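Read off the chains here:
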Amino acid sequence: MRGPQEVNGIVLFSRNYRESDKLVKIFTESSGKRMFFVRHANKKNSQINSAIQPFTQANYIGDLKEEGLSFLNSAKDIHPFFAIQQDIFLSAYATYILNLSDAAIDDNVYDPFLFGFIKDSLTLIDEGYDAEIITNIFEIQLLQRFGIQLNFSSCAICGSQEEPFDFSDKYHGVLCQKHWSMDDRRFHYSPRALHFIRLFNHISFEQIKSINLSDETKQYIRQVIDSIYEEYVGLQLKSKKFIDDMQNWKEMIPKRENKIDKQDNTN
Ligand SMILES: [Zn+2]
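Residues numbered from 1 in each chain as written. Predicted model: local features only at pLDDT ≥ 70, side-chain atom pairs only at ≥ 80, totals over all residues. Heavy atoms only, no water.

## Examining unusual backbone geometry
Trans peptide bonds make up the majority, and among non-glycine residues the majority have a negative phi.
Moving on, step 1. Here the residue pair E163 and P164 is connected by a cis peptide bond, since its omega of 5 degrees sits within 30 degrees of zero.
Moving on, step 2. The topology assignment puts P164 in the loop between α5 (131-142) and β6 (165-168).
Moving on, step 3. Here H40, not a glycine, exhibits a phi torsion of approximately 55 degrees, which is positive.
Moving on, step 4. By relative accessible area, H40 is classed as partly exposed at 39%. (Helix = DSSP H or I, 4+ residues; strand = E, 2+ residues; numbered from the N terminus. Buried < 20%, exposed > 50% of the residue type's maximum accessible area, 1.4 Å probe, protein only.)

## Considerations on the coordination of the zinc ion
Moving on, step 1. Binding of the zinc ion to the protein goes through C155 (SG), C158 (SG), C176 (SG) and H179 (ND1), at separations of 2.1 to 2.4 Å.
Moving on, step 2. One can describe the donor arrangement at the zinc ion as tetrahedral, given that its four donor atoms subtend angles of 101 to 116 degrees at the metal.
Moving on, step 3. As a motif over one chain, the donors of the zinc ion read C-x2-C-x17-C-x2-H. You can see C158 sitting in the loop between α5 and β6 and its partner H179 sitting in the loop between β7 (173-176) and α6 (191-202), a full 21 residues away along the chain. (Donors = N, O, S within 2.8 Å, 3.2 Å for Na, K, Ca; no water. Tetrahedral: all angles 85-135°; square planar, octahedral: opposite > 155°, others 65-115°.)

## What to know about the packing of aromatic side chains
Moving on, step 1. What the rule picks out here adds up to 13 aromatic pairs.
Moving on, step 2. Three or more aromatic residues link up through ring pairs in this structure, and these residues are F152, F167, F187, Y189 and Y232. (Phe/Tyr/Trp six-rings, centres within 6.5 Å; stacked < 30°, edge-to-face > 60°.)

## Examining a nonpolar patch on the surface
Moving on, step 1. The grouping of I88, F89, F242 and W249 at the surface amounts to a nonpolar patch, some 360 Å² of accessible area in total.
Moving on, step 2. At the level of secondary structure, the elements contributing two or more residues to the nonpolar patch comprise α3 (88-104) and α9 (238-266). (Patch = residues over 30% accessible without salt bridge, like charges linked within 9 Å, V, L, I, M, F, W, Y side chains within 5 Å. Areas by Shrake-Rupley, 256 points an atom, 1.4 Å probe, with all protein chains shown as cover. Salt bridge = Lys/Arg side-chain N within 4 Å of Asp/Glu carboxyl O.)

## Here we look at the pairing of strand β4 (residues 56-63)
Moving on, step 1. With seven of its eight residues buried, β4 lies for the most part within the structure.
Moving on, step 2. Relative to strand β5 (residues 70-80), β4 is paired through seven bridges, and the arrangement is antiparallel. Note on β5: the bridge partner recorded for I61 is S74.
Moving on, step 3. The hairpin formed by β4 and β5 contains six residues between the paired strands, and G68 there has a positive phi angle of roughly 70 degrees. (Pairing = 2+ DSSP bridges.)

Structure representation (structure tokens):
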């Protein structure tokens with residue numbers, strides 16, 4: 001039998017279990033996603049308690065099982081993503097990224113690249129880079145983990161890389177303007193949004209630090225990614241719904257003001 005192992009991991013979520021115990025799902029760098037049982041997790045001041053908070057990375061020490069629950073004994077090198085933990089907007093995007101990662105691959109699957117991608121995404125959001133753009137890049141590059149291969153790089157018919165492009169479900173990728181006629185049910189996306197989707201498909205996180213987008217462009221990009229996810233992935237995540245609602249709050253504020261204005265006028 002193997003003794004306790006030490007694994008680098010990021011908390012995906014945790015939930016209470018019985019009175020004082022917890023179940024914590026952790027994405028580990030070396031052993032994929034595992035569900036850990038943590039005894040007496042709710043004890044005050046316990047080191048393990050801080051290691052299993054949402055948006056935390058640490059080295060976790062415990063017994064890793066191939067089937068059923070693993071057991072977490074202790075943790076060290078605990079790194080909380082503080083800014084995310086303290087901001088409802090940032091934590092909404094980070095939660096969605098973690099939920100997507102949980103949905104995209106099976107438990108116990110070794111995927112250090114995805115682990116690194118999650119870690120980099122959370123780090124950048126934590127450092128104050130645009131959470132919406134980071135989430136968009138994560139969504140686009142995660143598509144292949146769902147088994148979805150879409151060609152965003154060049155026209156599916158002629159290979160041209162000349163913009164503008166539109167997206168075609170029939171050809172599982174983009175079409176250049178010359179070939180829009182090949183699919184009369186093409187998606188009629190904003191060419192500007194597709195410009196960024198194509199960029200996000202292969203961009204590295206080093207490059208994104210210089211990206212700055214208007215709210216309007218972000219909204220177009222959101223629409224494209226939403227319809228691609230609806231068409232190909234078909235997930236209904238609560239955390240995504242929460243992000244959508246968040247956008248509505250922003251829009252509702254001026255509307256509410258308008259209503260008050262109208263009432264004032266009629267009085
Ligand atoms: Zn073409």
